[in-house]
Amino acid sequence: MGAGKHVIHGIPFQVRGGPARTDHAAIIFRSRTNETGNAKGLPSRVKIPVGGKALAIYILHGCGYTRFLSRFATYDFYAGTKRLGSVP
């Protein structure tokens, strides 16, 4: 998926980045079947700071190596150190 605006199931997504690999248009996490990418270890968690107020946060994710209806990720949301909620 290239950088720019995309609409998926009616929800607009702004994908940052550009044509170079160093533009960081996506975050790829470690899975049970692929733990490295280009000889670098992949992360199992990441902190993404939001620089302002948000009414909603949409996370676009894919999961190619899991069974149907199998839990594969959990998203935890914080305001500073206070946990606001968790979405499996």
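Note that this is a predicted model, so its numbers are computed, not measured. (Residues numbered from 1 in each chain as written. Predicted model: local features only at pLDDT ≥ 70, side-chain atom pairs only at ≥ 80, totals over all residues. Heavy atoms only, no water.)

A.B. asks: Help me out: how do you make sense of the pattern of salt bridges in this one?
C.D. replies: Oppositely charged side chains are able to pair whenever their charged atoms sit close together. Applying the stated criterion to the full structure yields one salt bridge. A salt bridge links Arg-83 to Asp-76; the shortest N-O distance between them is 3.4 Å. Taking the relative accessible area as the measure of exposure, Asp-76 reaches 35% and is therefore partly exposed. (Salt bridge = Lys/Arg side-chain N within 4 Å of Asp/Glu carboxyl O. Buried < 20%, exposed > 50% of the residue type's maximum accessible area, 1.4 Å probe, protein only.)

A.B. asks: Explain the pairing of strand β6 (residues 82-87) to me, please; I cannot follow it from the model alone.
C.D. replies: Walk down a regular strand and you will see the side chains alternate between the two sheet faces. Pairing geometry for strand β5 (residues 75-79) and β6, over five bridges, is antiparallel. Of the residues in β6, the one forming a bridge with Asp-76 is Ser-86. (Pairing = 2+ DSSP bridges. Helix = DSSP H or I, 4+ residues; strand = E, 2+ residues; numbered from the N terminus.)

A.B. asks: Where do I start with unusual backbone geometry in this structure?
C.D. replies: Backbone phi values are negative for most residues with the exception of glycine, while trans is the configuration of most peptide bonds. Of note in this structure, His-9 is not a glycine but carries a positive phi near 55 degrees. Structurally, the position occupied by His-9 is in the loop between β1 (4-8) and β2 (11-15). Under the relative-accessibility criterion, His-9 is labelled exposed at 81%.

A.B. asks: Sorry if this is basic, but what is going on with the confidence of the model for the chain here?
C.D. replies: Should the pLDDT be low somewhere, the predicted coordinates at that spot are not to be read in detail. In the predicted model, the chain carries a mean pLDDT of 75, and the fraction of residues at 70 or more is 73%. Mean pLDDT across the secondary structure elements of the chain bottoms out at strand β3 (residues 36-37), with 62, and peaks at β6, with 90. (pLDDT = per-residue confidence, 0-100.)

A.B. asks: Even after reading the chapter, I still don't get the pairing of β2, so can you show me in this structure?
C.D. replies: As paired elements, β1 and β2 share five bridges and run antiparallel to each other. Its bridge partner lying in β2, Ile-8 is registered against Ile-11. Count of turn residues in the β1/β2 antiparallel hairpin: two residues, of which His-9 carries a positive phi of about 55 degrees.

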